[in-house]
Amino acid sequence: MNDSGKSGKSGSGASGANESQGDVPLLDRAVVAVRAQAVPAQDVDGARRRVWQRLQDAQSKQDGVGEGGLASVDSGQPITGCSDVRSLLGAYRAGALSPARQLLVQMHLRDCVACREVKANRSQGRLGAWGDRKPPTTARPQRSRLPFGLAAAAVIVLGAGAWLFGDAFLTTPGGPRATLEASQGAVHLLAAGGQRVMTMGASLQEREWVRTPRDSRATLRLADGSTVEMKPHSEVGISMNRQDVKVHLERGSIIVHAAERRRGHLIVATDDAQIVVVGTIFSVNRGTKGTRVSVLEGTVRVEWRGDQRILTAGQQMSTSRFINGIPIRDEVAWSGQVQQHAALLTQTAPASAGGTTTGSLSQALRGEIRWPRLRYGSTLLSRLPADTLVYVAVPNYKDALDGAKALIEKQMQDNAVLNPWWKDKAPGTAVALGEVFRRVRALSEHLGDEIVLGLARAPVGDGLRPIVLAEVKRPGLRALLESELTALGAGPKIQLLDRAGLAASAPVVAPEAVILVDDALVALAPAAADLGRALSAGGLQGTAFGQRLGEAYRDGAGLLFAADLGAIAPHAARDAKAEAVMKQLGASDARYLVVEQEHLDHSTQNRATLSFAGPRTGVASWLAAPAPMGALDFVTTGASFAAAFAVKEPALVLDDLFRLIETIEPGMRQELAQLEARTGVQLRADLAATLGNDLVVALDGPLLPLPSWKLVMEVQDPQRLAQSLERMVGELDRLIKAAGRQGLTWQRQPTARGITSSALATSETFTVRAPGTPFEAHLVFVDGYLVVAANEPMLHKAVRARQTGQVLRGSWRFQQLLPPDREANFSAVVYHNLGEAASAVAGWLGGSGALHAEQQQGLDRLVREAKPGLFYVYGGTQEIQVASTGGIFGLSLEHVLGSAGLSDLLSRHRGTITP
């Protein structure tokens, strides 16, 4: 098949799913894999030329070239169409063609009905206008059998090659690949001539791409009658060969209504999978993590990483273990034909929502610790007062304490950095640590699965009163507490009560804390009145805050922190200006903050959710819902840092920013109008409105001597943006020169061949320089994106990564950090590799001589053992969720203590180390 992938990208893709191959024969799988390979156009042209040359050489050697007769008919001229084939039919019938030429005629007759009819008519004596050529009457000389054997072998080899690779060598059908049948919002066409908005009925040719930006949808009618419905933030291209139609899904989500076909298939290709169908309705979601396929009607075959799986109506699968299944109704809820799709789903079995899984999650660094299991409910919610504003739930770590103690002791003994610190700086620490673990372990044996701390509003004033609660699971807790309090000498300060004592009058001696202990509950509070008010209250469970906590438990809770920001905020003193700023930030509508940490399969997941009283507004609304981020495909696998964002319409973001600045500086609008008048550039119309919804900032190369920074933004109108940037640089240059300094330069130069060879790039690149400084910025527009880098080689590197698929999101390090959830995309994702970033800094500091041996060892260890990390963000209608896997920036206690000398270094050498 003549596969016209956009940039020849293969893509690394996510981890494939391990599915059974069933009884599919090995040869069939090999044929499918070979036929599915993408063949660049230049390779096809070169192969076609080589084949013709070989055919000409073979025919000349066997038949010779004569004057007239069959030799002149079979003269080695290329067969370019039906007329050439029909002129050879007489010689073909007489068996006078060379074996290779005869094979080409046979292949053409197999596929061309008109030429077969001409051949049949000639056989019956109806020669038509072409006449008939008779074979020569002179006898041919006898030839050796060996050439005929070689010719027969050549026919067999060429026939097999034509069957396997014929799609690559024969001319593909002409005409448009698809037309725009329906749209909502602006739909963009990316073609060699540039980027433009499509009109209704406009056609899509080979090697052209359709993109649906924010809030836009489109329906394409393919040449075979199939339709492709595109979700916002999607991009597709169409290619064809003699039999198949291929939909290249670059990113986003589509719903395909595949037409019935007499031969060939409709194929949807992503960077990590192929979906082969005939007469089917199905959905394909190609996201940052991988691909998810859902079938509404019929049957599809999904092929990925050498495996395949058959899906029928109502079934679903994903190519990545990090993409969980979701109801198919939710997957296609964006469609304009959602009602019809819902009707189809009622006739099918429920979706297999589990997706496919390949292996367990990455093993924890400390797998020997047995963490508590998740909790899916709490009886202690009803024990806290209804006006509780802060809630903290800690699992009972009794089973993890022994492993934690053994781990710490082992690390202290085995680690060359920690062992001296453990012995010299903390004498007696080992004994004290063991005693602490013993006492905590003894107490935890008597408690339930969790310990809860609540902060409730004080009856008088704005203060908060704490109360600690836990269930009692074993008798003897009161005696143990009395023993421990006596040993600590805290008996008079902490009073133990039972229910009867709590109901009695206040104690004569006012203690610092009161503990209630009975057979079912233990509670700690500053005063008996606090315990009485808490335990006699209606309970937190029935409040809106309590219901939000219930949601956290239903999803499984580990370490849990929550705050009712809506109830706390009114008690914070702010002036009118501060309140206005909070409103523009969108923070005044913040309702709940919930922070969770969970240990699953020996991995740690951290998640914080900020919810709002209504739809997000102001700065809090800048983050869009999870969406594909094509800008991330310009970041290479060696990046040390990358932050990618999907944002709402940039013009609306600029409006919010202006309102915020105006709140702080009321004269901002007047200064902005003066700037726009001088430059002739309207910031909203000429800059913000030309941008798309996703962008990425990355450090993608050496940090020293100059950081290899990179900025990539989706663009809707490249020409207008380039003109506006040029005018802005010119005005900035004038202002700098007016201040008596060297200004900026804006240069245009032809786009390098490495960028334009296989990408839809502009004919020019742009360079901004500040003479006398190391600052440079190189710009180029590629595939609907503006790529800005610190130097020209980085532009080549970014485009080459996108073309070859050697990108960060497909790398093993990135994939292993992905969270397993229902989302295929993110609203924002931040990747960092501290080891990569710090290695250059370590070399620079080591070369400066500012580090002594111990400090150098600690820094080297930090560089060597620091792990990559991933922060990811999901933007909902009324909430923002920030999460990460592993520790903060991959740092452990060992890293912090091992490089503790760095603080001494910075204080000692402050002023002597200069960047």
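Rules of the game
Residues numbered from 1 in each chain as written. Predicted model: local features only at pLDDT ≥ 70, side-chain atom pairs only at ≥ 80, totals over all residues. Heavy atoms only, no water. Helix = DSSP H or I, 4+ residues; strand = E, 2+ residues; numbered from the N terminus. Contact = heavy atoms within 4.5 Å. Areas by Shrake-Rupley, 256 points an atom, 1.4 Å probe, with all protein chains shown as cover. Axes fitted to C-alpha atoms, helices over the stretch in contact; angles between N-to-C directions. Parallel < 35°, antiparallel > 145°, perpendicular 65-115°, else oblique. Nonpolar A, V, L, I, M, F, W, Y, C, P; charged D, E, K, R; others polar. Salt bridge = Lys/Arg side-chain N within 4 Å of Asp/Glu carboxyl O. Buried < 20%, exposed > 50% of the residue type's maximum accessible area, 1.4 Å probe, protein only. Phe/Tyr/Trp six-rings, centres within 6.5 Å; stacked < 30°, edge-to-face > 60°. Expected span 1.5 Å × (residues − 1). Arc of directions from axis to C-beta. Pairing = 2+ DSSP bridges. Core = buried A, V, L, I, M, F, W, Y, C linked by side-chain atoms within 4.5 Å. Polar contact = N/O pair within 3.5 Å; in protein donor to acceptor, adjacent residues only side chain to side chain. pLDDT = per-residue confidence, 0-100.

### What to know about the overall build of the protein
Helices and strands together make up the secondary structure of the protein, namely 30 helices and 35 strands. Pairs at least 24 apart in sequence give 66% of the contacts found in the protein among residues at least 6 apart. Here the protein has roughly 43300 Å² of accessible surface; of this, 57% comes from carbon and sulfur atoms.

### Concerning unusual backbone geometry
The backbone of Asp 215 sits at a positive phi, close to 60°, despite the residue not being glycine. Relative to the elements of secondary structure, Asp 215 occurs in the loop between strand 5 (209-212) and strand 6 (217-222).

### A closer look at the packing of helix 20 (residues 650-664) against helix 21 (residues 668-679)
Running from N to C, helix 20 and helix 21 point in directions that differ by 125°, and their axes come no closer than 9 Å. Compared by their axis directions, helix 20 and helix 21 come out oblique. When helix 20 is examined against helix 21, the residues Phe 658, Arg 659, Ile 661 and Glu 662 are found in contact with a partner set consisting of Met 668, Arg 669 and Leu 672. For the contact of helix 20 with helix 21, the per-class residue count stands at four nonpolar, no polar and three charged.

### Section: the pattern of salt bridges
Summed over the entire model, instances satisfying the criterion amount to 32 salt bridges. In this structure, Arg 548 and Glu 551 form a salt bridge, with 3.9 Å as the shortest nitrogen-oxygen distance. In this pair, Arg 548 and Glu 551 both sit in helix 17 (residues 544-554), three residues apart, roughly one turn of the helix. Since its relative accessible area comes to 39%, Glu 551 is described here as partly exposed. Its salt-bridge partner being Arg 802, residue Asp 783 comes within 3.0 Å of it at the nearest N-O pair. Here Asp 783 is found in the loop between strand 31 (776-782) and strand 32 (785-789), whereas its partner Arg 802 is found in helix 25 (residues 792-804), with 19 residues between them in sequence.

### Some words on the packing of aromatic side chains
Counted by the stated rule, this structure contains six aromatic pairs. Put simply, the rings of Phe 826, Tyr 872 and Tyr 874 pair up and form one aromatic cluster.

### A look at the environment of Leu 560
Of note, Leu 560 is situated in strand 23 (residues 559-564). On a C-alpha basis, the gap between Leu 560 and Val 452 in space is 9.3 Å, while along the polypeptide they are 108 residues apart.

### So, helix 21
Compared with an ideal rise of 1.5 Å per residue, which puts twelve residues at 16 Å, helix 21 spans 17 Å between its outermost C-alpha atoms and is within 8% of the ideal. The complete set of buried residues in helix 21 reads Met 668, Leu 672, Glu 676 and Thr 679. For helix 21, the angular spread of the buried residues around the axis is 75°, confining them to a single face. Exposed residues pointing more than 90 degrees away from the buried face of helix 21 are listed as Gln 670, Glu 671 and Ala 677. At its buried positions, helix 21 is contacted by helix 20, helix 22 (683-687) and helix 23 (718-738). The first or second residue beyond helix 21 is Gly 680, which carries a positive phi of 75°.

### Digging into the pairing of strand 22 (residues 521-525)
The element strand 22 is largely enclosed, with a buried count of four among its five residues. Sheet topology places strand 19 (residues 464-472) next to strand 22; four bridges connect them, and they run antiparallel. Bridging from a neighbouring strand, Leu 469 pairs with Ala 523 of strand 22. In this antiparallel pair of consecutive strands, strand 21 (residues 513-517) and strand 22, the connection spans three residues.

### Description of the pairing of strand 34 (residues 868-875)
Within strand 34, six of the eight residues are buried, which leaves it mostly tucked inside the rest of the structure. In this structure, the hairpin formed by strand 34 and strand 35 (residues 879-885) is closed by a connection of three residues.

### What to know about the nonpolar core
Grouped together as the largest cluster of nonpolar side chains are 37 residues, with contacts concentrated most on Val 210, Val 247, Ile 254, Val 268, Ile 275, Phe 282 and Val 300. Sorting elements by how many residues they give to this core places strand 9 (residues 245-257) first, with five residues. Core analysis: the second largest hydrophobic core is formed by 36 residues, Met 629, Phe 634, Ala 642 and Leu 818 among them.

### With respect to the environment of Pro 615
In this fold, Pro 615 is placed in the loop between strand 25 (603-612) and strand 26 (641-646). The exposure class assigned to Pro 615 is exposed, which follows from its relative accessible area of 55%. Through-space distance from the C-alpha of Pro 615 to that of Gln 878 is 4.8 Å; in sequence the pair is 263 residues apart. What Pro 615 contacts, discounting residues up to four positions off in sequence, is Thr 877 and Gln 878.

### Structural notes on the packing of helix 21 against helix 23
Contact geometry for helix 21 and helix 23: axes closest at 9 Å, N-to-C directions at 105°. Taken together, the axes of helix 21 and helix 23 are roughly perpendicular relative to one another. Of the residues in helix 23, those touching helix 21 at Leu 675, Arg 678 and Thr 679 are Arg 727, Met 728, Glu 731, Arg 734 and Leu 735. Of the residues in the contact of helix 21 with helix 23, the class split is three nonpolar, one polar and four charged.

### A closer look at the side chain of Ser 294
Here Ser 294 is to be found in strand 13 (residues 291-297). Among the polar contacts made by the side chain of Ser 294, one reaches the side chain of Gln 316 at a distance of 2.9 Å. The contacts of Ser 294, once residues within four sequence positions are left out, are Phe 282, Ser 283, Gln 315, Gln 316, Ile 328 and Glu 331.

### Side note on the confidence of the model for the protein
Overall, the prediction assigns the protein a mean pLDDT of 74, with 65% of residues at 70 or greater. Strand 7 (residues 227-230) holds the highest mean pLDDT among the elements of the protein, 95, whereas helix 30 (residues 901-908) holds the lowest, 36. Contacts of residues 123-144 to residues separated by more than four positions or lying in other chains number 20 contacts, the stretch itself having pLDDT below 50. Predicted confidence is poor over residues 887-915, with pLDDT under 50, and the contacts of this stretch with residues over four places away or in other chains come to 37 contacts.

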